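Given next are the chains, with one letter for each unit.
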Amino acid sequence: MSGVTDSSLTGPPPAHIPTPRADVVLPCLDEAAALPRVLDAVPNGWRAIVVDNGSTDGSAELARSLGATVVHEPQRGFGAACHAGLLAAEAEFVCFCDCDGSLDPGLLPTFVRRIVDGETDLLLGRRCPEGRGAWPLHARAGNFALARMLRRRTGLRLHDLGPMRAGRRADLLALGLTDRRSGYPLQMVVRAADAGLRVTETDVPYLPRSGKSKVTGTWRGTWQAVHDMRAVLLQPPAGTAPGSVPPGVPR
């Protein structure tokens, strides 16, 4: 069933069960302070793809020196960086994770294992804040509103549209994602649901990030992200008449 939440915090899979390798896409804009810790947490044998989106703090050079594959994406935008990483990925499974230290890429093998085991097709990390200031009130409010609109639009009972997720590369490419701003993570979920993929979520710890968020660090940034995502929800499912408004989405 799509939209199922696993309330137990994700941990590593049992050591005796091998997990396929995956590529981890890490969109990056001035994250030099967090990069060493984030890259150190990427599972052994997995490829870290750091997509530099115009950093001026040496993030790209640092990531390369730490062994990451670095992709330069000149078009500014979270979606532009994520999609450039997806296009650069080569593994069967592709994971996404923020590059600011708020999320632990070491948890991703469990994500991939659950896809391999047939439990789901696209697994999202439901953020559970730990520590003061990990998730500002205005960001939570915006996320809550979007989750309700998503439920009306797709029927998915998700609680979070966070950036940590995993899926099969072929499935994600087949979605034909076009958003290159803050709406990219939501568009992935909406189009996955429209395509009949099983979308579920599992709890993950969410820590205070290094530095200030470029998206949800302010009310204005949060509003812009909600605006971008609402535009995604207004897009009709594939095969519907142009100009029609999907059910459950206010005009």
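Residues numbered from 1 in each chain as written. Predicted model: local features only at pLDDT ≥ 70, side-chain atom pairs only at ≥ 80, totals over all residues. Heavy atoms only, no water.

Caption draft 1: Main features of the nonpolar core. Counting 34 residues, the largest nonpolar core has V24, L26, L39, W46, V50, C95 and L108 as its most contacted members. Those elements that place two or more of their residues in this core are β2 (22–28), α1 (35–41), β3 (47–52), α2 (59–65), β5 (93–96), α4 (108–116) and β8 (199–206). In contact with V24, other than residues within four places in its own chain, are V42, W46, R47, A48, I49, C95, C97 and L108. Counting residues in each nonpolar core, the second largest holds 33 residues, with A89, L146, M188 and L233 among its members. (Core = buried A, V, L, I, M, F, W, Y, C linked by side-chain atoms within 4.5 Å. Buried < 20%, exposed > 50% of the residue type's maximum accessible area, 1.4 Å probe, protein only. Helix = DSSP H or I, 4+ residues; strand = E, 2+ residues; numbered from the N terminus. Contact = heavy atoms within 4.5 Å.)

Caption draft 2: Examining the packing of aromatic side chains more closely. Across all of its chains, the model carries 0 aromatic pairs by this definition. The lysine or arginine in question, R127, covers the ring of Y206, its NZ or CZ lying 5.2 Å from the ring centre. (Phe/Tyr/Trp six-rings, centres within 6.5 Å; stacked < 30°, edge-to-face > 60°. Lys NZ or Arg CZ within 6 Å of the ring centre and 35° of its normal.)

Caption draft 3: Fine view of the environment of P236. Checked against the element boundaries, P236 lands in the segment after α8 (219–233). Overall, P236 belongs to the partly exposed group, its relative accessible area being 31%.

Caption draft 4: Structural context of the pairing of strand β7 (residues 165–168). The sheet contact formed by β5 and β7 spans 4 bridges and is antiparallel. Counted as the bridge partner of F93 is R168 from β7. Pairing of strand β6 (residues 122–129) with β7 involves 3 bridges; the strand directions are antiparallel. Bridged to L124 within β7 is R165. (Pairing = 2+ DSSP bridges.)

Caption draft 5: Here's a closer look at a positive patch on the surface. On the surface, R148, R151, R152 and R157 cluster together into a patch of positive charge. In this fold, R148 is placed in helix α5 (residues 137–154). (Patch = residues over 30% accessible without salt bridge, like charges linked within 9 Å, V, L, I, M, F, W, Y side chains within 5 Å. Areas by Shrake-Rupley, 256 points an atom, 1.4 Å probe, with all protein chains shown as cover. Salt bridge = Lys/Arg side-chain N within 4 Å of Asp/Glu carboxyl O. Lys, Arg positive; Asp, Glu negative; His and termini not counted. Charge placed at Lys NZ, Arg CZ, Asp CG, Glu CD.)

Caption draft 6: Structural view of the pattern of salt bridges. Taken as a whole and assessed by the stated rule, the structure comprises 7 salt bridges. D23 is the partner of R47 in a salt bridge, and the nearest nitrogen-oxygen pair spans 3.2 Å. A residue pair is termed long-range when its members are at least 10 positions apart, and R47 in strand β3 and D23 in strand β2 qualify at 24 residues. What makes D23 buried here is its relative accessible area of 5%. D121 is the partner of R198 in a salt bridge, and the nearest nitrogen-oxygen pair spans 3.1 Å. Taken together, the residues R198 in the loop between α7 (184–194) and β8 and D121 in the loop between α4 and β6 connect sequence positions 77 residues apart.

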